[in-house]
Amino acid sequence: MSSLSCSSSDLAPLFSSNTANATAMANFLCARFDTIANKLSDTTYAIDNTYLLFSAYLVFAMQLGFAMLCASSVRAKNTMNIMLTNVLDATAGGLSYYLFGFAFAFGSPSNGFIG
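Overview of the structure. The model shown is predicted, which means the values in this text are computed figures rather than measured ones.

A few words on the overall build of the protein. Within the protein one finds 4 helices and 0 strands. Walking the protein from its N terminus toward its C terminus, one meets helices and strands in the order α-α-α-α. Per-residue burial for the protein yields a buried fraction of 12% across its 115 residues. Residue pairs in contact within the protein that sit at least 24 positions apart in sequence constitute 18% of those at least 6 positions apart. When the accessible surface of the protein is split by element, carbon and sulfur atoms take 67% of a total near 9,200 Å².

Written as structure tokens, this is what we have:
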């Protein structure tokens, strides 16, 4: 597997004609890219993300099962309303996790307000 590399001399011409700001921005982005590349190669990070994605899959599979249970307990004319309710429930849960849950789960690097 090839390693990722970043050169500020390659990025600087893409930003602006002001060389001082462009060089500073390129150096900042290269530092961030290097940090991300190091984090992606970490085994613990990969295992944690695999567990998180598998858990999210299980939550959505349970949401589908709950939708089928609810749809089977009402008359056929109300099935669309039950399905819409379940879709909105999953959407609200995903949005809540995006806004608050990730910061509570992973702390200060993700959100300075909560973490």
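Right, let's talk about the nonpolar core for a bit. Judged by nonpolar contacts, Leu11, Ala12, Ala22, Ala26 and Cys30 together constitute the single largest core of 5 residues. If you tally residues by element for this core, the top one is helix α2 (residues 19-40), at 3 residues. Once residues within four sequence positions are removed from consideration, leucine 11 is found in contact with Cys6, Ala26, Leu29, Cys30 and Phe33.

Between its first and last C-alpha, helix α4 (residues 79-106) extends 38 Å over 28 residues, near the 40 Å set by a 1.5 Å rise per residue. When the local axis directions of α4 are compared, the greatest deviation, roughly 50°, occurs at tyrosine 98. Buried within α4 are the following residues: Asn86, Gly101 and Ala103. Backbone geometry just downstream of α4 places glycine 107 in the positive-phi region, at approximately 85°.

It is worth spelling out a nonpolar patch on the surface at this point. Among the surface-exposed residues, Phe54, Tyr57, Leu58, Val59 and Met62 lie close enough to one another that they form a single nonpolar patch of about 540 Å² accessible area. Among the secondary structure elements, valine 59 is positioned in helix α3 (residues 43-72).

Let us now look at α3. Over its 30 residues, α3 extends 44 Å from the first C-alpha to the last, a length consistent with the 44 Å expected when each residue adds 1.5 Å. Turning to α3, its buried residues are Gln63, Ala67, Cys70 and Ala71. Where α3 is buried, its residues meet α4.

Another point: the packing of α3 against α4. For the pair α3 and α4, interaxial distance at closest approach is 10 Å and the crossing angle is 155°. Judged by the inter-axis angle, α3 sits roughly antiparallel to α4. Every pair of crossing elements has a handedness; the one defined by α3 and α4 is right-handed. Residues Leu52, Phe60, Gln63, Phe66, Ala67, Met68, Cys70 and Ala71 of α3 form the contact with α4, whose own contacting residues are Thr79, Ile82, Met83, Asn86, Asp89, Ala90, Tyr97 and Phe106.

Moving on: the side chain of glutamine 63. Mapped onto the elements, glutamine 63 comes out in helix α3. Glutamine 63 has contacts with Asn86, Asp89 and Ala90, leaving out every residue within four places of it along the chain.

Before going further, it helps to examine the environment of serine 7. Considering the arrangement of structural elements, one finds serine 7 in the segment before α1 (8-11). Take serine 7: its relative accessible area is 28%, and that puts it in the partly exposed class. Residues serine 7 and leucine 29, spaced 22 residues apart in sequence, show a C-alpha to C-alpha distance of 9.5 Å.

Thresholds, definitions, all that
Residues numbered from 1 in each chain as written. Predicted model: local features only at pLDDT ≥ 70, side-chain atom pairs only at ≥ 80, totals over all residues. Heavy atoms only, no water. Helix = DSSP H or I, 4+ residues; strand = E, 2+ residues; numbered from the N terminus. Buried < 20%, exposed > 50% of the residue type's maximum accessible area, 1.4 Å probe, protein only. Contact = heavy atoms within 4.5 Å. Areas by Shrake-Rupley, 256 points an atom, 1.4 Å probe, with all protein chains shown as cover. Core = buried A, V, L, I, M, F, W, Y, C linked by side-chain atoms within 4.5 Å. Expected span 1.5 Å × (residues − 1). Bend = angle between axes of the 7 residues up to and from the residue. Patch = residues over 30% accessible without salt bridge, like charges linked within 9 Å, V, L, I, M, F, W, Y side chains within 5 Å. Salt bridge = Lys/Arg side-chain N within 4 Å of Asp/Glu carboxyl O. Axes fitted to C-alpha atoms, helices over the stretch in contact; angles between N-to-C directions. Parallel < 35°, antiparallel > 145°, perpendicular 65-115°, else oblique. Left-handed = near helix turned anticlockwise from the far one by under 90°.

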